[in-house]
Each structure stands twice: as C-alpha cells, then as structure tokens.
Amino acid sequence: MNRTAECVRKTKETNITLSLNLDGTGKSEIHTGIGFFNHMLEGFSRHGFFDLGVKAEGDLEVDCHHTIEDTGIVLGSAIKEAIGNKKGIKRYGSCILPMDETLVLCAIDLSGRPYLAFDGEFTTPKVGDMDTEMVKEFFYAISYAAGMNLHVKVISGGNNHHMIEAMFKAFARALDEATSMDPRITDVLSTKGSL
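Residues numbered from 1 in each chain as written. Predicted model: local features only at pLDDT ≥ 70, side-chain atom pairs only at ≥ 80, totals over all residues. Heavy atoms only, no water.

Undergrad: For the sheet that holds strand β1 (residues 4-10), give the residues involved together with the corresponding values.
TA: Taking strand neighbours across the sheet as the criterion, the four strands line up as β1-β2-β4-β3 in an open arrangement whose pairing is mixed. Both outer strands of the open sheet, β1 and β3 (28-31), are each paired with one neighbouring strand and no more. Taken pair by pair, the neighbouring strands of this sheet meet at an average axis angle of 5 degrees, ignoring direction. Note that β1 and strand β2 (residues 14-21) share seven bridges and pair antiparallel. For alanine 5, the partnering residue across the bridge sits in β2 and is leucine 20. (Pairing = 2+ DSSP bridges. Helix = DSSP H or I, 4+ residues; strand = E, 2+ residues; numbered from the N terminus. Axes fitted to C-alpha atoms, helices over the stretch in contact; angles between N-to-C directions.)

What follows is the structure, given as structure tokens:
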C-alpha cells in the first residue's frame, strides 16, 4: 500500500507545495523561509519516520502567520489523504516526550472529528523568527484539515525552544503510532464501521 500524498495550496498570501510519505525513513527537504519552523518540521519528519518535502512561499514581509497556518492546513490535508480509508491502522497514538527540563504529552485519535486541546504557555513572543503564538495555530490547522482529535499539553515547561521542539517531536511519534498498521485490525477500528 502506497501511503503518500502531494498537496498544493495557492492563495494571495501563500504558495505551498508539500509531499508526505507516512512509511518513510525520516528524510526531509524543508523550505519555508522561517528558520526555526524549518527546524521543527525537520524534527517532525525525523522522529516520526515520515518523508516530508515542503516548499512554502509566503508574505513574510507581513509576518509569519499565513505561512505557518497554511503549512498546517496543507500538512493536515496530506495526512488525511495519505491515511486513506484508515483500514488496519491503530487510530490512536500517544507520546510523553522529555527534552531536558521540559515534558510534553501528545495524544491523537484519527477519528475523522477535528478537535484541538492545547495547553502550553510561552514566556517569549518569538523563538528565532517564529512567533510562539503560531504553535497553537499550526496544530489547530492540522487537526481540522486532517480530521483528528489532537491533544498537546506541556506537563512541565521551561525553555521555550525546548517546549516547542518537544511538542513537534511528541506529535511526530504519536502520529507514527496512530497511522501504523496492526495485523489484528482487519477493517477500521470502530464499532460504527467507519472513521
């Protein structure tokens, strides 16, 4: 089964091309014009074993908002497309990930019902050239475009870079688990018969 997707989104604010392979090895080629965001997407790819290509051109002369939010929309759409009919996948995934003084929880249900619960407070307005308030917006965009129930919670915080990086890595590992195949699941993991 080929679990890949290629998605394009072009608006007056952004032009984004994204490719995703859920069964990759963690290779990435990321160009968003936002250095710290590139770093986070590379970590997501590496720690989830997803092959990810992102080329984003956005109105960075305004700010980073549109580029990051629209990349989340495109990534969420690609996840949804790559998963396909969801037959045989575990559906649920979770990870509690430490990064130095920081501990982050991420839990996912690929239910088809979008919902984001985000619990994390940042103490700086930016990390590098990325607005910290855009972290929540990014995960919100993914959850709604992919149709996933997504919980991200900082259990213990500290350094803002560590908190954000732990979120992206925990999300990657939880998504890798949720999208992985289980031979015991012959249809979809739901009593309703569909997800």
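Undergrad: Before we move on, could you go through the sheet that holds strand β6 (residues 102-109) and cite the residues and values that matter?
TA: Strand order in this open sheet of four strands is β5-β6-β10-β7, and the pairing throughout is mixed. Both outer strands of the open sheet, β5 (92-99) and β7 (115-119), are each paired with one neighbouring strand and no more. Each neighbouring strand pair of the sheet contributes to a mean axis angle of 10 degrees, computed without reference to strand direction. As defined by bridge partners, β5 adjoins β6 across eight bridges and the pair is classed as antiparallel. Counterpart to glycine 93 in the pairing with β6 is isoleucine 108. Of the strands in this sheet, β7 and β10 (149-156) touch helix α3 (residues 134-146), which is tilted by about 160 degrees from β7. Helix α4 (residues 160-179) contacts β5, β6, β7 and β10 of the sheet and is inclined by roughly 150 degrees relative to β5. (Contact = heavy atoms within 4.5 Å.)

Undergrad: Run through unusual backbone geometry, naming residues and quoting values.
TA: Despite not being glycine, phenylalanine 49 shows a phi value in the positive range, around 60 degrees. Residue placement: phenylalanine 49 occurs in the loop between α1 (35-48) and β4 (51-58). Assessed through its relative accessible area of 43%, phenylalanine 49 is described here as partly exposed. (Buried < 20%, exposed > 50% of the residue type's maximum accessible area, 1.4 Å probe, protein only.)

Undergrad: If you had to explain α1 to someone new, which residues and values would you point to?
TA: In this model, α1 (14 residues) spans 20 Å end to end at C-alpha, consistent with the 20 Å of a helix rising 1.5 Å per residue. Those residues of α1 lying buried are Phe36, Phe37, Asn38, Met40, Leu41, Gly43, Phe44, Ser45 and Gly48. Phenylalanine 49, located one to two residues past α1, shows a positive phi value of around 60 degrees. (Expected span 1.5 Å × (residues − 1).)

Undergrad: An account of the nonpolar core is needed here, citing residue identities and associated values.
TA: Counting residues in each nonpolar core, the largest one holds 58 residues, and the members touching the most others are Leu20, Ile79, Ile108, Phe139, Met148 and Phe171. If you tally residues by element for this core, the top one is α4, at 11 residues. Sequence-distant contacts of phenylalanine 139, that is, excluding residues within four places in its chain, are made with Leu116, Phe118, Leu150, Met167, Phe168 and Phe171. (Core = buried A, V, L, I, M, F, W, Y, C linked by side-chain atoms within 4.5 Å.)

Undergrad: Any details on the pattern of salt bridges? Residues and values, ideally.
TA: The full count for this structure, using the stated rule, is eight salt bridges. In this structure, the salt-bridge partner of arginine 91 is aspartate 109, at a minimum N-O distance of 2.6 Å. Taken together, the residues span a long stretch of sequence, with arginine 91 in the loop between α2 (65-83) and β5 and aspartate 109 in strand β6 at a distance of 18 residues. Here arginine 91 falls in the buried class, since its relative accessible area comes to 7%. (Salt bridge = Lys/Arg side-chain N within 4 Å of Asp/Glu carboxyl O.)

Undergrad: Provide a residue-level description of the packing of α3 against α4, including the pertinent values.
TA: The geometry of a pair of packed helices is captured by two quantities: the angle between their axes and the separation between those axes. The contact between α3 and α4 brings their axes to 11 Å, and the two run at 15 degrees. It follows that α3 is roughly parallel to α4 by the angle criterion. Relative to α4, α3 is oriented so that their crossing is right-handed. Within the contact between the two elements, α3 uses Val135, Phe138, Phe139 and Ile142 and α4 uses Ile164, Met167, Phe168 and Phe171. Grouping the amino acids of the contact of α3 with α4 by side-chain chemistry returns eight nonpolar, no polar and no charged. (Parallel < 35°, antiparallel > 145°, perpendicular 65-115°, else oblique. Left-handed = near helix turned anticlockwise from the far one by under 90°. Nonpolar A, V, L, I, M, F, W, Y, C, P; charged D, E, K, R; others polar.)

Undergrad: How would you summarise the packing of aromatic side chains if you had to cite specific residues and measurements?
TA: Applying the stated criterion across every chain yields a total of eight aromatic pairs. Here phenylalanine 138 and phenylalanine 168 contribute two aromatic rings whose centre-to-centre distance is 5.2 Å and whose plane-to-plane angle is 15 degrees, an arrangement assigned as stacked. Placement of phenylalanine 138 in helix α3 and of phenylalanine 168 in helix α4 is noted, with a sequence separation of 30 residues between them. Among the residues examined, phenylalanine 138 registers a relative accessible area of 1% and is labelled buried. Taken together, the ring pairs in this structure connect Phe37, Phe44, Phe50, Phe138, Phe139, Phe168 and Phe171 into an aromatic cluster. (Phe/Tyr/Trp six-rings, centres within 6.5 Å; stacked < 30°, edge-to-face > 60°.)

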